[in-house]
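Listed below are the residues making up each chain.
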Amino acid sequence: RMIADSLTSAAQGSPWLSLLLIYLATVVITEMVTNNAAAALMFPFALQSAESLGIGHMPFVIAVMVAASSSFATPPPKSVRPSPKPWPAPMKPSP
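Residues numbered from 1 in each chain as written. Predicted model: local features only at pLDDT ≥ 70, side-chain atom pairs only at ≥ 80, totals over all residues. Heavy atoms only, no water.

Caption draft 1: How the structure looks around helix 2 (residues 15-32). The terminal C-alpha atoms of helix 2 lie 26 Å apart, and with 18 residues this matches the ideal 26 Å at 1.5 Å per residue to within 8%. What helix 2 keeps buried is the set Ser 18, Leu 19, Ile 22, Thr 26, Val 27, Ile 29 and Thr 30. (Helix = DSSP H or I, 4+ residues; strand = E, 2+ residues; numbered from the N terminus. Expected span 1.5 Å × (residues − 1). Buried < 20%, exposed > 50% of the residue type's maximum accessible area, 1.4 Å probe, protein only.)

The following block contains the structure:
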């Protein structure tokens, strides 16, 4: 409840801004964990935020669903390790 209230207060009571913050938080979390885990984690916060604002919960639920499934839209991080070098070409036997 405390996290949902802090998201709602950060949105200054605006339902649209609160919806945007829930969406962005879900997008950030889904980059770190699986999309199912991100949805399961953010779902209670979305419900509580909607309840705190006194509005319907379905827009928040849909925002969590879409945001959790949008991890494909961001590029994968670059690898820190250098790419492996190809094997040297095989030597031809001398005649």
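Read on for the rest.
Caption draft 2: Looking closely at the environment of Val 27. Relative to the helices and strands, Val 27 resides in helix 2. As for Val 27 and Ala 38, which are separated by 11 residues in sequence, their C-alpha atoms are 8.2 Å apart. If we skip the residues at most four places from it in the chain, Val 27 touches Ala 67 and Ser 70. (Contact = heavy atoms within 4.5 Å.)

Caption draft 3: Geometry of the confidence of the model for the protein chain. Across the protein chain, the average pLDDT comes to 79, with 66% of residues at 70 or higher. Considering each helix and strand of the protein chain separately, the mean pLDDT is smallest for helix 1 (residues 2-10), with a value of 63, and largest for helix 4 (residues 58-68), with 92. (pLDDT = per-residue confidence, 0-100.)

Caption draft 4: Representation of the packing of helix 2 against helix 4 within the structure. Running from amino to carboxyl end, helix 2 crosses helix 4 at an angle of 30 degrees, the nearest separation of the two axes being 8 Å. Compared by their axis directions, helix 2 and helix 4 come out roughly parallel. Our pair here, helix 2 against helix 4, has a crossing hand that is right-handed. Contacts between helix 2 and helix 4 involve Pro 15, Ser 18, Leu 19, Ile 22, Tyr 23, Thr 26, Val 27 and Thr 30 from the first element and Pro 59, Phe 60, Ala 63, Val 64, Val 66, Ala 67 and Ala 68 from the second. (Axes fitted to C-alpha atoms, helices over the stretch in contact; angles between N-to-C directions. Parallel < 35°, antiparallel > 145°, perpendicular 65-115°, else oblique. Left-handed = near helix turned anticlockwise from the far one by under 90°.)

Caption draft 5: Representation of the nonpolar core in the model. Judged by nonpolar contacts, Leu 19, Ile 22, Ile 29, Ala 38, Met 42, Phe 45, Ala 46, Ala 50, Phe 60, Ala 63, Val 64 and Ala 68 together constitute the single largest core of 12 residues. Only helix 2, helix 3 (35-53) and helix 4 provide two or more residues apiece to this core. Top contributing element to this core by residue count: helix 3, with 5 residues. When residues no more than four places from it in sequence are discounted, the contact partners of Ala 38 are Thr 26, Ile 29, Thr 30, Val 33 and Ala 68. (Core = buried A, V, L, I, M, F, W, Y, C linked by side-chain atoms within 4.5 Å.)

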